[in-house]
Amino acid sequence: MNEDLVVGAGSFGVLLRRYRLASGLSQEELAQRAGLSVRALANMERGRTRRPYKRSVRLLAQAMALPELQSLHLDRASRLSAYDPMPSPAVTGETITASESPPAVTQRQLPAADQSKPLIEHIVPRELPAPVRDFTGRVAELDLLSDVAAGGGRALVICAVGGAAGVGKTALAVQWAHQVAERFPDGQLHVNLRGYDPDRPVAPADALAGLLRTLGVPGTDIPDGAEERARLYRSKLAGRRMLVLLDNARDGEQVRPLLPGDPGCMAVVTSRDTLAGLVAADGARRLDLDVLPPGDAVALLRSLIGAPADADPEAVAELAGLCARLPLALRIAAELAATRPEVPVAELVAELKASRLDLLDAGEERADVRAVFSWSVQQLPDDVAAVFALLGLHPGTHLDTYACAALTGTTAGQARKMLGRLLRASLVQASSPGRHGMHDLLRAYAREQAAARNTDDQCRQALTRLFDYYLAAAAAAMETLYPAEARQRPRIALVAAVVPQMADAAHARAWLDAERTNLVAVVVHCAGHGWSDHATGLAGTLFRYLMNGSHLPEAHTIYSHALQAAGGSGDLAAEAGALNGLGGIGMMKGHFREAAGHYQAALDRYRQCGNREGEARVLSNLGSTEQELHNDRSASGYYWQAIAAYEDAGDSFGAACALAELADAETKLGLYDRASEHLRRALEVFREANDQACEARALGRMGELSLRLGRLTEAAAFFKQALTLQRRIDHRTGVAAQLSNLGDVCLHQGEFGQAISYFQQALALFRETGYQHGEITTLCLLAKAVHGAGQPAVARAELAEALRLAGETGNTYQQASTHCDLAESHDDAGQDDQARHHWQQALTLYTQLGLPDADQVRSRLCAREPKGRQ
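Residues numbered from 1 in each chain as written. Predicted model: local features only at pLDDT ≥ 70, side-chain atom pairs only at ≥ 80, totals over all residues. Heavy atoms only, no water.

Colleague: Requested: an account of the overall build of the protein chain, with residues and values cited.
Modeller: Counting secondary structure elements, the protein chain contains 41 helices and nine strands. Looking at the 870 residues of the protein chain, the share that counts as buried comes to 54%. Here the contacts in the protein chain between residues at least 6 apart in sequence split such that 66% fall between residues at least 24 apart. Accessible surface for the protein chain amounts to roughly 35900 Å². Of this, 50% is attributable to carbon and sulfur atoms. (Helix = DSSP H or I, 4+ residues; strand = E, 2+ residues; numbered from the N terminus. Buried < 20%, exposed > 50% of the residue type's maximum accessible area, 1.4 Å probe, protein only. Contact = heavy atoms within 4.5 Å. Areas by Shrake-Rupley, 256 points an atom, 1.4 Å probe, with all protein chains shown as cover.)

Colleague: I'd love a proper account of the packing of aromatic side chains, names of residues and values included.
Modeller: For the coordinates displayed, the defined rule picks out seven aromatic pairs. Their ring planes at 55° and their centres at 5.4 Å tell us that Phe373 and Tyr445 sit as a pair that is tilted. Taken together, the residues span a long stretch of sequence, with Phe373 in helix H17 (residues 367-378) and Tyr445 in helix H21 (residues 440-453) at a distance of 72 residues. Phe373 gets classed as buried once you look at its relative accessible area, which sits at 1%. (Phe/Tyr/Trp six-rings, centres within 6.5 Å; stacked < 30°, edge-to-face > 60°.)

Colleague: For the packing of helix H30 (residues 632-648) against helix H31 (residues 652-668), give the residues involved together with the corresponding values.
Modeller: Between H30 and H31, whose axes approach to 9 Å, the crossing angle comes to 165°. Classified by the angle their axes make, H30 and H31 are roughly antiparallel. Between H30 and H31 lies a crossing of left-handed hand. Residues Asp632, Ser636, Tyr639, Trp640, Ala642, Ile643, Tyr646 and Glu647 of H30 form the contact with H31, whose participating residues are Gly654, Ala655, Ala658, Leu659, Glu661, Leu662, Ala665, Glu666 and Lys668. Of the residues belonging to the contact of H30 with H31, the class tally is ten nonpolar, two polar and five charged. (Axes fitted to C-alpha atoms, helices over the stretch in contact; angles between N-to-C directions. Parallel < 35°, antiparallel > 145°, perpendicular 65-115°, else oblique. Left-handed = near helix turned anticlockwise from the far one by under 90°. Nonpolar A, V, L, I, M, F, W, Y, C, P; charged D, E, K, R; others polar.)

Colleague: Give me the nonpolar core: which residues, what numbers.
Modeller: The biggest cluster of nonpolar side chains holds 127 residues, and the ones touching the most others in it are Leu319, Leu391 and Trp511. Setting aside chain neighbours within four positions, we find Leu391 in contact with Leu399, Cys404, Leu407, Leu419, Leu422, Val428, Met438 and Arg443. Core analysis: the second largest hydrophobic core is formed by 38 residues, Leu712, Phe719, Ala755 and Ala783 among them. (Core = buried A, V, L, I, M, F, W, Y, C linked by side-chain atoms within 4.5 Å.)

Colleague: Please give an account of helix H29 (residues 612-628) that cites residues and values.
Modeller: Here H29 spans 24 Å end to end across 17 residues, near enough to the 24 Å set by a 1.5 Å rise per residue. Of the residues flanking the start of H29, the one acting as N-cap is Asn611, its side-chain oxygen 3.3 Å from the backbone nitrogen of Glu613. A positive phi of about 65° marks His630, the residue just after H29. (Expected span 1.5 Å × (residues − 1). Polar contact = N/O pair within 3.5 Å; in protein donor to acceptor, adjacent residues only side chain to side chain.)

Colleague: Can you lay out the packing of helix H39 (residues 812-828) against helix H40 (residues 832-849) for me, pointing to particular residues and giving the numbers?
Modeller: For the pair H39 and H40, the least separation of the axes is 8 Å and the interaxial angle reads 160°. Classified by the angle between their axes, H39 and H40 sit roughly antiparallel to one another. Judged by the sense of rotation from one axis to the other, the crossing of H39 with H40 is left-handed. For the pair formed by H39 and H40, the contact residues are Thr812, Tyr813, Gln815, Ala816, Ser817, His819, Cys820, Leu822, Ala823, Glu824, His826 and Asp827 on the first element and Asp832, Gln834, Ala835, His838, Trp839, Gln841, Ala842, Leu845, Tyr846, Gln848 and Leu849 on the second.

Colleague: Give me the environment of Leu16: which residues, what numbers.
Modeller: Position of Leu16 among the secondary structure elements: in helix H1 (residues 12-22). Judged by its relative accessible area of 0%, Leu16 falls in the buried class. As a C-alpha pair, Leu16 and Leu41 span 25 residues in sequence and 9.2 Å in three-dimensional space.

Colleague: Explain the pattern of salt bridges residue by residue, including any values.
Modeller: This model, assessed by the stated rule, comprises 35 salt bridges. Of the charged contacts in the structure, one is a salt bridge between Asp134 and Arg133, with a shortest N-O distance of 3.2 Å. (Salt bridge = Lys/Arg side-chain N within 4 Å of Asp/Glu carboxyl O.)

Colleague: Go over the environment of Met588 with me, naming the residues and quoting the values.
Modeller: Following the sequence through the fold, Met588 ends up in helix H27 (residues 572-589). Each C-alpha atom of the pair Met588 and Asp221 lies 9.9 Å from the other, and the pair is 367 residues apart in sequence.

Colleague: Tell me what's going on with helix H32 (residues 672-688), and back it up with residues and numbers.
Modeller: A rise of 1.5 Å per residue sets the reference length of H32, with its 17 residues, at 24 Å; its end C-alpha atoms lie 25 Å apart and thus fit the reference within 8%. Of all the positions in H32, only Ala675, His678, Leu679, Ala682, Leu683 and Phe686 are classed as buried. Axial view of H32: buried residues confined to an arc of 140°, hence all on one face. Among the exposed residues of H32, those oriented more than 90 degrees off its buried face are Asp673 and Glu688. Packed against the buried residues of H32 are H30, H31 and helix H33 (692-708). Positive phi appears at Asn690, one or two residues downstream of H32, with a value of about 55°. (Arc of directions from axis to C-beta.)

Colleague: Can you lay out unusual backbone geometry for me, pointing to particular residues and giving the numbers?
Modeller: Non-glycine residue Arg138 carries a positive phi angle of around 65°. Within the secondary structure, Arg138 sits in the loop between strand E2 (95-97) and helix H6 (139-150). In this structure Arg138 comes out as buried when scored by relative accessible area, which is 5%. Residues other than glycine seldom take positive phi values, yet Asp730 does so here, at roughly 60°. In this fold, Asp730 is placed in the loop between helix H34 (712-728) and helix H35 (732-749).

Next comes the structure, spelled out in structure tokens:
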């Protein structure tokens with residue numbers, strides 16, 4: 001192997017691909033030699049495997065007889081530039097030079113002291129909850145779990161004898177998981193499936209979306225269907241050693257799609273059900289967990305209560321029996337005893353006996369644990385007990401002080417004090433700083449108490465206050481993040497709820513990120529229980545936030561349920577808004593024809609209800625889909641209609657947005673003077689509105705226009721301005737686009753090494769955000785730069801990857817254009833058969849699209865046919 005193939009190799013994936021090509025091996029051949037899957041190898045070469053296993057690297061090194069590959073992966077690969085040791089270029093003067101190197105763009109701008117860090121940090125997920133305080137006993141059970149893991153068991157079910165809740169299933173699983181975490185060096189995953197929650201359990205598809213995101217899959221790469229997500233999940237776990245804790249499962253159907261398929265992984269499932277199907281059909285082992293033995297139950301009480309327990313061991317033993325030796329009940333009783341140290345344990349026992357007797361007389365099931373709950377709640381002040389009851393109505397997994405205040409009709413200060421009191425009583429638990437959750441058994445008990453204390457109307461009023469709060473807080477966050485788009489969001493009525501302070505964009509985004517799972521749960525609950533206005537209002541308010549590559553699974557859930565709610569209430573405008581959201585998801589995923597179908601349906605509904613502003617928005621979106629399908633004349637027609645509709649609605653900002661999009665279509669049609677004038681007018685509006693995101697997009701479009709006109713210095717200046725704004729607002733996809741544009745300028749100047757540097761940075765960001773459309777375009781540009789640098793075989797590898805991605809996203813035009821690029825590359829190399837194959841593929845696809853490009857390809861094919869066959 002030539003040494004020059006090593007020097008200058010950047011990421012491990014790029015280095016691996018170059019070694020493979022230099023060895024004359026296809027991906028299939030190398031994968032077969034190394035005993036790896038083609039998918040695993042492809043993911044490594046693309047940089048999608050965050051931290052390749054040492055075993056995999058060793059196998060690849062052996063397959064290519066390259067022992068140095070292992071050391072390069074470990075200590076050099078992440079810090080070297082991929083094709084050329086030249087530093088990243090900067091824009092200066094007449095050309096783009098390397099004299100001033102801009103900081104490398106990775107996940108976010110790094111301080112100067114951190115520039116030696118790898119471009120992609122290897123993050124190992126550590127999602128286990130904290131172990132419970134004073135975990136006691138369960139020695140035999142912990143040993144059994146370890147024996148199953150050591151014996152190669154891939155799934156183990158911890159179930160409660162007789163279906164008892166509160167027996168300590170989760171505590172045991174978490175305790176053991178922490179003890180053996182080092183056996184699973186690639187990480188530990190955790191999902192609360194909420195199988196017995198009063199609201200709906202977590203659907204397997206939703207659980208898979210969260211797991212895939214944790215495993216590094218961008219939102220745009222997460223499939224819509226549960227089966228497709230399960231396949232991708234198993235692929236991501238292949239070759240890894242990970243522990244997956246699936247907590248509080250309802251049944252086997254909920255769990256089965258979440259089980260790893262790799263022998264190096266293990267799943268631990270907790271459930272009240274025996275999950276016999278998993279044991280019989282999937283080979284899972286089962287551990288039946290009973291209540292604590294008497295000695296361990298007493299030991300737990302003594303460790304939690306302290307000195308008062310030592311004074312009366314008989315009373316402590318009786319207290320353990322009254323709690324049915326259930327760890328949940330024991331902890332609540334112990335907390336109550338610890339807060340009343342002046343009361344002898346024997347007196348507490350007498351109180352608990354009275355509560356238990358009342359429940360037994362009433363014929364209550366699970367009288368032991370319910371007696372402990374009742375006894376603990378009886379010790380609370382009435383206002384705190386009322387808050388506890390209402391907390392059971394919350395449809396999400398956790399809540400903060402403001403949500404608690406809205407739900408209970410109190411002030412934020414009062415809510416904070418009451419949550420603190422409930423936390424000390426172990427009736428709620430801290431799920432994260434400032435947020436509280438409840439055990440599902442306590443939540444069910446709290447909901448029963450809410451029904452007993454309040455009328456149905458009072459419960460509904462409490463939930464309405466909560467949903468009003470979430471709508472108001474979401475509106476405040478979006479107003480802070482996207483003030484210029486206020487007219488495009490639903491108008492939210494003023495409510496009495498106090499919302500958190502959204503001091504700046506960072507605070508607003510942090511609130512939305514922290515509440516995202518709750519917002520999804522609220523929309524789902526509202527859609528199914530008669531709060532259709534809240535469901536559609538939240539969906540419309542959150543649109544711009546949800547159109548982020550990382551949030552598309554949640555967006556799909558929200559807009560699907562909003563569509564259901566709007567259809568049920570007969571609200572055509574809300575139905576159109578939900579369809580517009582589904583169209584936006586299709587656009588982000590590169591499914592442009594699917595997106596166009598949703599947009600057309602939305603347009604029909606907006607026209608039926610006479611909503612010109614909504615009509616304008618959808619017309620502009622239809623223009624975007626036509627542009628992505630390379631129907632620029634059709635796109636222009638939609639944009640002109642959108643501008644007219646925006647002007648009718650009195651929305652000058654919306655009209656400017658459509659004008660900027662029109663200019664992009666005009667640039668591609670060669671109408672350069674019109675495009676320049678329209679961009680200038682749009683830019684004035686964006687700057688007046690101080691909308692930096694729209695300003696950056698317009699500047700990028702100006703750069704593209706200058707590039708088409710051959711004004712390279714002017715183009716670079718526009719791209720540099722756009723890049724500065726995109727970095728300022730932390731829009732990573734926008735940053736990637738401008739880096740790619742700057743690379744294109746370098747490409748036009750023949751500065752191939754500098755172009756490659758820009759394209760690499762852009763690719764890293766496109767892959768991080770999951771924007772495959774940008775990734776494909778940049779791969780094709782990178783191939784041109786690499787070819788220009790004298791490495792045609794590597795260039796074809798980049799094009800092959802672009803073709804594969806275009807096929808995955810269903811982007812027919814990108815498939816066709818990439819086939820053309822591959823044909824040209826093979827033609828240059830004198831490989832006539834391969835060139836003819838790719839031109840024929842391109843011709844078929846262009847013909848399907850009805851584009852004039854088909855005629856150009858047909859001419860190329862005819863020119864290469866032997867004269868007798870023409």
